[in-house]
Amino acid sequence: MSRTALVTGANSGLGLATVLALAGAGIDTVGSVRSAAKAQRVAEAAQAAGVEVRTVLLDVTDPAGGRDVIDRIRPDILVNNAGRASFAPVLEVSEEDARHQLETALFAPLRLARLAIPHMRERGWGRVVQISSLAGQLTYPLLGWYQAGKHAMEAVSDALRVEVAGAGVDVVVVAPGGFRSGATEELAEAVERHRGGAFATAFQRMDLGFSMMKPLWSEPATVAETIVTAATAKSPKSRYVVGYDAHLTLLVHRVTEPFSAVRALKEGVVRRVTGL
Ligand SMILES: NC(=O)c1ccc[n+]([C@@H]2O[C@H](COP(=O)([O-])OP(=O)(O)OC[C@H]3O[C@@H](n4cnc5c(N)ncnc54)[C@H](OP(=O)(O)O)[C@@H]3O)[C@@H](O)[C@H]2O)c1
């Protein structure tokens, strides 16, 4: 049966890899972008990959735009990918900016799901793939609001999964570790912004830590393959963790989490390493 997928934030990083992978798997694929120039970037990448990907203009924080896009496309598969990591100390993010981050990371994907699921119910089949992160299960300093969005998105997705399962709709969380994308530049910019400030050392060491972890990072195309599985498997898992770094970090977390003394020790190590 032919399926139509909508992937938000399709012009770079994971979103771009995902539209190419879904289209390559024979799925009618639509990617949302925020400008005509970004649509052109998707068209060129699709042409180079020998696949067809349609694009629509959408800022996911725009409720009317979201409604219009969902009503036109009526996706069987919704991949909520749009968003990117934001590196900042919790208290240095204004309430307005924090709300905007949560709007993108939490309210927008759930709004699109709310709009798309009635169409999925009608057909008795649907898939909502929520792109979370290792940051949806763990917390580190300097990523507080980003993690707030991902943790909340995972929590609400876990509830939604059970609520809509009876209608044939699966809600699947994909939680990648690191991969090369716009997020890498975002951290480099944060290092520059904070140079000379109270958090300069912490950002520089975070950047160094990321560089050391890079050999364990996935390619966006590898994460996209998992998204295709999450979107098409007959009986998908509720959560897919992707990448050696993510599996290793979660294993250490699960083994040490029950011991409160270890938690305090870990936080002490993080403080020492980041200079906080
Ligand atoms: N990179 C990582 O290591 C990593 C790890 C785990 C999870 N993730 C998650 O993977 C997803 C994709 O991130 P990425 O790393 O591939 O980042 P990216 O290359 O920076 O791409 C982010 C995409 O989201 C779009 N976007 C951001 N805000 C939007 C909005 N309000 N409305 C519509 N589109 C919006 C961007 O559009 P513009 O170009 O117009 O800004 C871009 O297309 C995110 O949900 C991120 O949290 C990333």
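In the block above lies the structure referred to throughout.
Nothing here was measured: the structure is a model prediction, and the numbers come from that model.

About the thresholds
- Residues numbered from 1 in each chain as written.
- Predicted model: local features only at pLDDT ≥ 70, side-chain atom pairs only at ≥ 80, totals over all residues.
- Heavy atoms only, no water.
- Helix = DSSP H or I, 4+ residues; strand = E, 2+ residues; numbered from the N terminus.
- Rg over C-alpha atoms; globule rule 2.2 N^0.38 Å.
- Buried < 20%, exposed > 50% of the residue type's maximum accessible area, 1.4 Å probe, protein only.
- Contact = heavy atoms within 4.5 Å.
- Lys, Arg positive; Asp, Glu negative; His and termini not counted.
- Charge placed at Lys NZ, Arg CZ, Asp CG, Glu CD.
- Patch = residues over 30% accessible without salt bridge, like charges linked within 9 Å, V, L, I, M, F, W, Y side chains within 5 Å.
- Areas by Shrake-Rupley, 256 points an atom, 1.4 Å probe, with all protein chains shown as cover.
- Salt bridge = Lys/Arg side-chain N within 4 Å of Asp/Glu carboxyl O.
- Pairing = 2+ DSSP bridges.
- Axes fitted to C-alpha atoms, helices over the stretch in contact; angles between N-to-C directions.
- Parallel < 35°, antiparallel > 145°, perpendicular 65-115°, else oblique.
- Left-handed = near helix turned anticlockwise from the far one by under 90°.
- Nonpolar A, V, L, I, M, F, W, Y, C, P; charged D, E, K, R; others polar.
- Near = heavy atom within 4 Å.
- Polar contact = N/O pair within 3.5 Å; in protein donor to acceptor, adjacent residues only side chain to side chain.

1. A short note on the overall build of the protein chain
Then, in step 1: The number of helices and strands found in the protein chain is ten helices and seven strands.
Then, in step 2: On C-alpha atoms alone, the protein chain measures out to a radius of gyration of 19 Å, which is about the 19 Å that the 2.2 N^0.38 rule sets for 276 residues.
Then, in step 3: C-alpha extents for the protein chain along the principal axes are approximately 55 × 40 × 35 Å.
Then, in step 4: The buried share of the protein chain, reckoned over its 276 residues, is 48%.
Then, in step 5: Counted over contacts in the protein chain with a minimum sequence separation of 6, partners at least 24 positions apart contribute 73%.
Then, in step 6: Within the protein chain, one finds 30 positive and 28 negative side-chain charges whose respective centroids are separated by 4 Å.

2. A word on a nonpolar patch on the surface
Then, in step 1: Nonpolar side chains collect at one region of the surface, where M213, L216, Y244, L248 and V252 lie side by side and expose about 480 Å² of accessible area between them.
Then, in step 2: Examining the composition of the nonpolar patch, we find that three residues originate from one element, helix α9 (residues 244–256), more than from any other.
Then, in step 3: Among the structural elements, L216 can be located in the loop between α7 (200–213) and α8 (220–232).

3. Structural notes on the pairing of strand β6 (residues 169–176)
Then, in step 1: Along β6, seven of the eight residues are buried, which leaves the element largely enclosed by surrounding structure.
Then, in step 2: Pairing analysis gives six bridges linking strand β5 (residues 126–131) to β6, with the strands arranged parallel. If you follow V128 over to β6, its bridge partner there is V171.
Then, in step 3: Bridge count for β6 against strand β7 (residues 239–242) is four bridges, and the pairing is parallel. Counterpart to P176 in the pairing with β7 is V242.

4. What about the packing of helix α1 (residues 13–24) against α8?
Then, in step 1: One can describe the packing of α1 onto α8 by two numbers: an axis separation of 8 Å at closest approach and a directional angle of 55°. If you check the angle between α1 and α8, you find them oblique. The way α1 lies across α8 gives a crossing that is right-handed. On the side of α1, the interface is formed by G13, L14, A17, T18, A21 and L22, while α8 contributes P220, A221, V223, A224, I227, V228 and A231.
Then, in step 2: Of the residues belonging to the contact of α1 with α8, the class tally is eleven nonpolar, two polar and no charged.

5. A few points about the site of the ligand
Then, in step 1: In the region of the ligand, 29 residues are neighbours, and N11, R34, N81, Y146 and S181 sit closest.
Then, in step 2: A distance of 2.8 Å separates an oxygen atom of the ligand from a polar side-chain atom of S12.
Then, in step 3: With respect to the ligand, the side chain of D59 contributes an N or O atom lying 3.0 Å from a nitrogen atom.
Then, in step 4: Considered on its own, the ligand offers 900 Å² of accessible surface; in the complex 94% of this is hidden by protein.
Then, in step 5: Within the residue set of the shell around the ligand, elements represented by two or more residues are α1, α5 (144–164) and α6 (182–193).
Then, in step 6: Partitioning the shell around the ligand into residue classes produces ten nonpolar, 14 polar and five charged.

Read these as geometric descriptors, not functional statements.
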